[in-house]
Amino acid sequence: MAAARGVMRAVRVLEFGGPEVLKVQSDVPIPRPKENQVLIKVHACGVNPVETYIRSGTYARKPALPYTPGSDVAGVVEGVGEQVTAFKKGDRVFTTDTVSGGYADYTVAAADKVFPLSDKLDFRQGAAVGIPYFTAYRALFQKGRAKAGETVLVHGASGGVGIATCQIARAYGLKVLGTAGTEEGMNTVMRNGAHQAFNHREANYTDKIKEYTQMEGVDIIIEMLSNINLATDLQLLAYAGRVMVVGCRGSIEINPRDTMSKESSIIGVGLFLATEEERQECARAVLDGIEAGWLKPTVGPEYPLEKVVKAHEEIIHSGGARGKMVLLP
């Protein structure tokens with residue numbers, strides 16, 4: 001056993017670039033938990049689009065090389081550092097961030113980024129909680145000021161963050177509209193809390209959304225691909241509507257006058273900028289949702305660690321999302 005020798009498999013990024021820079025190494029030392037840290041045996045790790053941006057070297061945050069990607073881990077506590085009292089060996093947990101990287105057999109995380117994993121969820125679902133659900137809650141409430149009774153359009157609703165947004169918005173009393181690019185994706189969206197789904201590959205889908213809202217528009221748009229949709233989003237908003245930019249893969253030209261005619265806002269969302277207080281608020285909402293039973297992550301494509309390159313290609317270029325992508329070490 002490699003673990004007996006103190007080494008593990010982990011994905012290492014030695015240089016920034018395309019998916020091919022992801023290298024699986026089998027002789028990486030198992031990290032040791034320092035003060036206020038937890039060592040976790042990884043059972044599943046979520047794959048998020050932001051990890052492909054960071055890997056390419058084009059994102060606002062650039063980790064020091066070499067590094068191991070991965071924030072959303074679910075697994076079992078293997079050991080704890082000094083001062084850690086909330087967790088013990090054998091506890092089922094999930095994380096919202098890691099210190100040493102989650103694409104690995106073991107990872108170390110700060111104790112305040114580790115949360116108990118309910119028996120209601122399996123490890124794959126646990127790996128689909130962190131970034132998607134915390135981001136969705138932050139976008140809707142901490143930045144979007146969403147209120148019960150308002151209408152939210154989740155633009156790209158069949159992926160990890162999209163499904164999380166649909167579930168949370170429905171539970172908090174919003175009218176939920178979602179888009180997807182396939183029939184399967186639309187069914188996924190409807191099963192996860194949307195009142196109505198639209199196919200964003202249809203040429204006239206925005207007209208259908210306007211008709212559905214009786215030409216009043218939507219109060220909030222949670223936008224996963226703003227470099228394609230932002231100009232259109234501004235046409236879909238109601239008075240004082242907000243577009244929450246959660247995902248972006250390039251630039252786009254918009255007409256700022258479109259914000260003036262409805263006094264609308266475009267607001268960026270960055271989970272890594274959340275304060276400790278905001279993170280705790282997200283955590284309370286998420287843990288309450290799991291306990292209440294309405295928060296149920298939908299797991300999509302699953303890949304072994306050795307197929308990480310394919311996972312990073314697929315999450316950007318696949319024909320349509322259907323749940324949260326996970327790696328299974």
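Small disclaimer: the values here were computed from a predicted structure and weren't measured.

A. Summary view of the side chain of threonine 107. If you trace the backbone, threonine 107 turns up in strand β6 (residues 106-110). Note on threonine 107: relative accessible area 0%, which makes it buried. In this structure the side chain of threonine 107 is engaged in a polar contact, spanning 3.1 Å, whose partner is the side chain of serine 100.

B. Up close: the packing of aromatic side chains. Going through the model one piece at a time under the given rule, you end up with ten aromatic pairs. Where phenylalanine 16 meets tyrosine 67, the ring centres are 6.5 Å apart and the plane angle is 40°; that geometry is what we call tilted. With phenylalanine 16 in the loop between β1 (7-13) and β2 (22-29) and tyrosine 67 in the loop between α1 (49-56) and β4 (73-80), this pair connects stretches of sequence that are 51 residues apart. Since its relative accessible area comes to 10%, tyrosine 67 is described here as buried. Ring centres of phenylalanine 198 and tyrosine 212 lie 6.0 Å apart, and the angle between their planes is 80°; this geometry places the pair in the edge-to-face category. One end of the pair, phenylalanine 198, is in strand β10 (residues 196-199); the other, tyrosine 212, is in helix α6 (residues 205-212), and 14 residues separate them in sequence. Here phenylalanine 198 falls in the buried class, since its relative accessible area comes to 6%.

C. Inspection of the environment of arginine 12 at higher detail. In this structure, arginine 12 sits in strand β1. Sequence separation between arginine 12 and leucine 237 is 225 residues; the distance between their C-alpha atoms is 43 Å. Setting aside residues up to four positions removed in sequence, arginine 12 forms contacts with Val21, Leu22, Lys23, Gln25, Val28, Pro66, Tyr67 and Thr68. A polar side-chain atom of arginine 12 sits 3.0 Å from a polar atom in the side chain of threonine 68.

D. Focus on the packing of α6 against helix α7 (residues 226-236). Running from amino to carboxyl end, α6 crosses α7 at an angle of 25°, the nearest separation of the two axes being 11 Å. Judged on the interaxial angle alone, α7 and α6 are roughly parallel. In the crossing of α6 with α7, the sense of the turn from one axis to the other is right-handed. Between α6, through Tyr205, Thr206, Ile209 and Lys210, and α7, the contact on the second element is made entirely by Asn229, Thr232, Gln235 and Leu236.

E. View of the sheet that holds strand β11 (residues 218-223). Spatially, the six strands line up as an open sheet ordered β10-β9-β8-β11-β12-β13, and their pairing is parallel. On the outer flanks of this sheet lie β10 and β13 (265-268), each paired with one strand and no other. The sheet shows a mean angle of 20° between the axes of neighbouring strands, direction not considered. Here helix α4 (residues 160-171) sits on the sheet and contacts β8 (151-155), β9 (175-180) and β11; the angle it forms with β8, its principal contact strand, is near 170°. Against the sheet, α6 engages β8, β9 and β10, with an angle of about 160° to β10.

Reading the values: the criteria
Residues numbered from 1 in each chain as written. Predicted model: local features only at pLDDT ≥ 70, side-chain atom pairs only at ≥ 80, totals over all residues. Heavy atoms only, no water. Helix = DSSP H or I, 4+ residues; strand = E, 2+ residues; numbered from the N terminus. Buried < 20%, exposed > 50% of the residue type's maximum accessible area, 1.4 Å probe, protein only. Polar contact = N/O pair within 3.5 Å; in protein donor to acceptor, adjacent residues only side chain to side chain. Phe/Tyr/Trp six-rings, centres within 6.5 Å; stacked < 30°, edge-to-face > 60°. Contact = heavy atoms within 4.5 Å. Axes fitted to C-alpha atoms, helices over the stretch in contact; angles between N-to-C directions. Parallel < 35°, antiparallel > 145°, perpendicular 65-115°, else oblique. Left-handed = near helix turned anticlockwise from the far one by under 90°. Pairing = 2+ DSSP bridges.

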